[in-house]
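# Results of the structural survey
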Amino acid sequence: GENVEQHPSTLSVQEGDSAVIKCTYSDSASNYFPWYKQELGKRPQLIIDIRSNVGEKKDQRIAVTLNKTAKHFSLHITETQPEDSAVYFCAASISSGGSYIPTFGRGTSLIVHP
Amino acid sequence: NAGVMQNPRHLVRRRGQEARLRCSPMKGHSHVYWYRQLPEEGLKFMVYLQKENIIDESGMPKERFSAEFPKEGPSILRIQQVVRGDSAAYFCASSPGIRNEKLFFGSGTQLSVL
């Protein structure tokens, strides 16, 4: 089955700095890569996703890049703000025939210091 | 459109009792996933269901755990004869399926086994 590794487990930055979280996956058939944000005590929420036919996707201050050859993808957050503090999860899944099961990384706790 | 509803939010059981966790997917969603979350261990896949069918239960222990998603009513995750190691947050997520892989999570049920 799919295995997703996520690094770092904890990331501490100053407000305004950039943050980068990296994930690797094992199954070359994976073709959908979402990122979820989970604030303390709340539910995970999708913040951005990318498909295997795209190398990069941006949405305001967040972006995701994908390197299919190396089987890794990354989340980039620019101009970080205290409200970005949360646990971020990457996931990988094979989407086919209407069924898919995302496999999640262990999460990165991002702390943005004001 | 109400989000994914899980209840109860908190459930306390003594060892040996049964725990029933309920999940009502978003309106129009026919795919339901159950994940288990332990501190610093990310989201572990348990089971994937579509209406009246278990699609994949490879992440669910063979004994004591069962899940269903009946034609009418919520999805149920049932844990029989709970042990302390079952203490965790259990998240349900739903998706529309068919070319839409985005998961929408419920607020989770925190199970505590005394």
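Structure: see above.
The structure contained in this document is the topic of the report that follows.

### Describing the overall build of chain B
A count of helices and strands for chain B gives zero helices and 11 strands. Its helices and strands taken in sequence order, chain B reads β-β-β-β-β-β-β-β-β-β-β from the N to the C terminus. By the compact-globule yardstick of 13 Å for 114 residues, chain B fits well, its C-alpha radius of gyration being 13 Å. The principal-axis extent of the C-alpha atoms belonging to chain B is close to 40 × 25 × 25 Å. Relative to its 114 residues, chain B shows a buried fraction of 43%. Summarising the internal contacts of chain B: among those between residues at least 6 apart in sequence, 51% fall at separations of at least 24. About 5,900 Å² of surface is accessible on chain B, with carbon and sulfur atoms providing 46% of the total. Each charge class in chain B was averaged separately, 17 positive and 11 negative side chains, and the resulting centres sit 6 Å apart.

### Some thoughts on unusual backbone geometry
Residues H7(A) and P8(A) are joined by a peptide bond in cis, for which omega reads -5 degrees. Structurally, the position occupied by P8(A) is in the loop between strand 1 (4–7) and strand 2 (10–14). Residue P8(B) is reached from N7(B) by a cis peptide bond, and omega for that bond is 0 degrees. Inspection of the secondary structure assignment puts P8(B) in the loop between strand 1 (5–7) and strand 2 (10–13). For Q60(A), which is not a glycine, the phi torsion comes out positive at approximately 60 degrees. What makes Q60(A) exposed here is its relative accessible area of 79%. Its identity as a non-glycine residue notwithstanding, E79(A) has a phi of 45 degrees, on the positive side. The residue E79(A) is located in the loop between strand 8 (72–77) and strand 9 (86–92) in this model.

Cut-off values and rules
- Residues numbered from 1 in each chain as written.
- Chains lettered and ligands numbered in written order.
- Predicted model: local features only at pLDDT ≥ 70, side-chain atom pairs only at ≥ 80, totals over all residues.
- Heavy atoms only, no water.
- Helix = DSSP H or I, 4+ residues; strand = E, 2+ residues; numbered from the N terminus.
- Rg over C-alpha atoms; globule rule 2.2 N^0.38 Å.
- Buried < 20%, exposed > 50% of the residue type's maximum accessible area, 1.4 Å probe, protein only.
- Contact = heavy atoms within 4.5 Å.
- Areas by Shrake-Rupley, 256 points an atom, 1.4 Å probe, with all protein chains shown as cover.
- Lys, Arg positive; Asp, Glu negative; His and termini not counted.
- Charge placed at Lys NZ, Arg CZ, Asp CG, Glu CD.

What is shown is where atoms sit, not what they do.
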